[in-house]
Amino acid sequence: MRLTLAALAAALAAGSASASPRVVSLDQCADQYVLALADPASVAAVSPRADDRDSWLRSRGAAAHRARPTLEAILAARPEIVVRYWGGDERLLQALQHRGVRVVRVEDAVDFEGVRANIDRVSAALNRRGRGRDLVADMDRRLDRSREAWAGESALYLTPSGWTAGGGTLIDAMLAAAGMSNAWAGPAFAPVSVERLILQPPRRFVLGFFDSLRTDRRGAGRHPSVARRTMRGAVVSLPGAMLGCPAWFAADGAWRIARASPAR
């Protein structure tokens, strides 16, 4: 059966619209979006840190070609799109755009609506809206299962360096998603002194980045007296791979917090 010229043109246009463009990610956070959403054959390169321990999809990153975020290395990969969160300075981005490469940015989301917007943006650019919808649906299922688990009980988020996170952060959104209230009423990110942690310790802690034993070995969060208190009051210790990027796996963090509730 012969196709008319109009039908043939329509078929070619549909095939072009569904094609996954060649893509390069410039940093570890952008790697997660590209590795999750793009077809593997269309991933021209990921960042050198895509297979590091604190990369959420490090097994996929290990199988992909890696390239440094330099103009020469990126152009050698012949991408149509580059995805970035923090990687590459403005001069590099402008040089790429000048050469016809589209730059898609992962924004610094402070809540799950921001994460949804990031997924929508990147999946649309990669012509993989269906995968994006699946990722959002999976994230929302975890959030639904986490809701009200802690019935408003308070907890302090703490890193090895002794920093915490208040309102207007994705950490705060994760605590709220699990039904917890944030014990830190101060600015978004701030240090907590050893003295305060010893003299006024919260009952509950949610720890982050403690899976790397080399991180901030002399930080306030690793002080022996603080460590004794966090060991007693730790709800959960979230890995760095879950916390270093404003992405869908923050919902996995909320679910881990929720599952630790005595009510569960």
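These figures come from a predicted structure and were not determined experimentally. Numbering of residues starts from 1 in each chain and follows the order in which that chain's sequence is written. Totals for whole chains, interfaces and linings use every residue, but because this is a predicted model, local features are given only for residues with pLDDT of at least 70 and side-chain atom pairs only at 80 or more, for both listing and counting. Heavy atoms throughout the structure, all of them, feed into the side-chain values; hydrogens and water do not.

**As for the overall build of the protein chain**
Turning to step 1, where the next piece is worked out: Each helix is a run of H or I in the DSSP string that is no shorter than four residues. Each strand is a run of E no shorter than two, and both are numbered from the N terminus. Across its full length, the protein chain carries 12 helices and 10 strands.
Turning to step 2, where the next piece is worked out: Over its C-alpha atoms, taken along the principal directions, the protein chain stretches across nearly 80 × 40 × 30 Å.
Turning to step 3, where the next piece is worked out: Partly exposed residues are those whose accessible area sits between 20% and 50% of the maximum for their type, while under 20% is buried and over 50% is exposed, using a 1.4 Å probe and protein chains only. Across the 264 residues in the protein chain, those meeting the buried criterion constitute 49%.
Turning to step 4, where the next piece is worked out: What makes two residues a contact is simply this: any of their non-hydrogen atoms within 4.5 Å. A fraction of 65% describes how many contacts in the protein chain between residues 6 or more apart in sequence connect residues 24 or more apart.
Turning to step 5, where the next piece is worked out: Throughout, the Shrake-Rupley method with a 1.4 Å probe supplies accessible areas, and for residues the shown protein chains are the sole cover considered. Working note: accessible area of the protein chain is about 13500 Å², and carbon and sulfur atoms make up 52% of it.
Turning to step 6, where the next piece is worked out: Note on charges: Lys and Arg go in the positive column, Asp and Glu in the negative column, and His and the chain ends are not counted at all. In this description, the location of a charge corresponds to atom NZ of lysine, CZ of arginine, CG of aspartate or CD of glutamate. Averaging the coordinates of the 37 positive side-chain charges in the protein chain and doing the same for the 26 negative ones gives two points 4 Å apart.

**Things to note about the sheet that holds strand 2 (residues 43-45)**
Turning to step 1, where the next piece is worked out: One open sheet holds the four strands; their spatial order is 2-1-3-4, and the pairing between them is parallel. Here the strands that pair on one side only, and so sit at the sheet edges, are strand 2 and strand 4 (102-105). Averaged over neighbouring strand pairs, the angle between their axes works out to 30° when direction is ignored.
Turning to step 2, where the next piece is worked out: In this scheme, strands are said to pair when DSSP sees at least two bridges between them. The sheet contact formed by strand 1 (residues 23-25) and strand 3 (residues 81-84) spans three bridges and is parallel. Across the sheet, the residue bridging to Val-23 is Ile-81, located in strand 3.
Turning to step 3, where the next piece is worked out: For helices, the fitted axis covers only the stretch in contact; all axes are lines through C-alpha atoms, and the angles between them, taken along N-to-C directions, range from 0 to 180 degrees. Across the sheet, helix 2 (residues 28-37) is in contact with strand 1, strand 2 and strand 3; its angle to strand 1 comes to roughly 145°.
Turning to step 4, where the next piece is worked out: In this fold helix 6 (residues 112-125) packs onto strand 3 and strand 4, with an angle of close to 160° to the strand it touches most, strand 4.

**A few points about the pairing of strand 9 (residues 205-208)**
Turning to step 1, where the next piece is worked out: Residues Phe-205 and Leu-207 of strand 9 are buried on one face, and the alternating residues Val-206 and Gly-208, pointing to the opposite face, are buried as well.
Turning to step 2, where the next piece is worked out: Two elements, strand 5 (residues 154-158) and strand 9, share three bridges in a ladder whose sense is parallel. Opposite Tyr-157, over in strand 9, you have Val-206 as the bridge partner.
Turning to step 3, where the next piece is worked out: One ladder, built from four bridges, connects strand 9 with strand 10 (residues 234-238); its direction is parallel. Each residue of the ladder has a partner; that of Gly-208, found in strand 10, is Leu-238.

**Observations regarding the pattern of salt bridges**
Pairing between side chains becomes possible if they bear opposite charge and their charged atoms approach one another.
Turning to step 1, where the next piece is worked out: For this analysis, a salt bridge means a side-chain nitrogen from Lys or Arg found within 4 Å of a carboxyl oxygen belonging to Asp or Glu. Within this structure, the stated rule accounts for 14 salt bridges.
Turning to step 2, where the next piece is worked out: Glu-153 is paired through a salt bridge with Arg-203; the nearest N and O atoms lie 3.3 Å apart. Of this pair, Glu-153 sits in the loop between helix 7 (129-146) and strand 5 while Arg-203 sits in the loop between helix 9 (194-199) and strand 9, and the two are 50 residues apart along the sequence.
Turning to step 3, where the next piece is worked out: Take Glu-153: its relative accessible area is 23%, and that puts it in the partly exposed class.
Turning to step 4, where the next piece is worked out: By relative accessible area, which is 64% here, Arg-203 ends up exposed.

**Quick look at the state of the cysteines**
Turning to step 1, where the next piece is worked out: Two cysteine sulfurs form what is called a disulfide whenever their separation falls within 2.5 Å. Evaluation of the coordinates by the stated rule reveals one disulfide.
Turning to step 2, where the next piece is worked out: Between the sulfur of Cys-29 and that of Cys-245 lies a disulfide, 2.0 Å long from S to S. Handedness here is read from the sign of the S-S torsion; for Cys-29 and Cys-245, about 55°, the answer is right-handed. Of the two residues, Cys-29 sits in helix 2 while Cys-245 sits in the loop between helix 11 (240-243) and helix 12 (250-259), which places them 216 residues apart along the sequence.

**Brief notes about the confidence of the model for the protein chain**
Turning to step 1, where the next piece is worked out: Confidence scores labelled pLDDT are given residue by residue by the predictor and lie between 0 and 100. Summing up the model confidence of the protein chain, the mean pLDDT is 91 and the portion of residues at 70 or higher is 91%.
Turning to step 2, where the next piece is worked out: Residue range residues 5-17 is modelled with pLDDT below 50. Its contacts to residues more than four positions away, or to other chains, number three contacts.

**Points about the nonpolar core**
Turning to step 1, where the next piece is worked out: We define the nonpolar core as a collection of buried residues of types Ala, Val, Leu, Ile, Met, Phe, Trp, Tyr and Cys that are connected through side-chain atoms lying within 4.5 Å of one another. Counting residues in hydrophobic clusters, the biggest one holds 58 residues, and the most contacted among them are Tyr-33, Val-83, Phe-112, Val-206, Trp-248 and Ile-257.
Turning to step 2, where the next piece is worked out: Once you skip the residues sitting within four places of it in the chain, Ile-257 turns out to touch Trp-150, Met-174, Leu-175, Ala-178, Met-180, Val-206, Val-235, Val-236 and Leu-238.
Turning to step 3, where the next piece is worked out: Judged by nonpolar contacts, the second largest core, of 13 residues, contains Val-24, Val-82, Leu-93 and Val-101.

**Quick word on the layout of surface pockets**
Turning to step 1, where the next piece is worked out: Each cavity reported here is a set of points on a 1 Å grid over the protein atoms alone in which a 1.4 Å probe fits but cannot get out, each pocket an open set with protein on both sides within 12 Å along at least five of seven lines, and each lining residue one with an atom within 4 Å of a point. Grid points are joined across faces, edges and corners, and a volume is the space filled by probe spheres set on the points. Of the voids in this model, the largest pocket is the one considered here, and its volume is about 420 Å³.
Turning to step 2, where the next piece is worked out: Taken together, 25 residues make up the lining of the largest pocket; nearest its centre are Leu-170, Ile-171, Phe-189, Phe-209 and Leu-243.
Turning to step 3, where the next piece is worked out: At the level of secondary structure, the elements contributing two or more residues to the lining of the largest pocket comprise strand 6 (163-165), helix 8 (170-177) and helix 11.
Turning to step 4, where the next piece is worked out: Top element by residues in the lining of the largest pocket is helix 8. It accounts for three residues.
Turning to step 5, where the next piece is worked out: Partitioning the lining of the largest pocket into residue classes produces 16 nonpolar, seven polar and two charged.
Turning to step 6, where the next piece is worked out: Considering only enclosed or pocket space, the second largest pocket measures out at about 260 Å³ in volume. Gly is placed with the polar residues, together with every amino acid not listed as nonpolar (Ala, Val, Leu, Ile, Met, Phe, Trp, Tyr, Cys and Pro) or charged (Asp, Glu, Lys and Arg).

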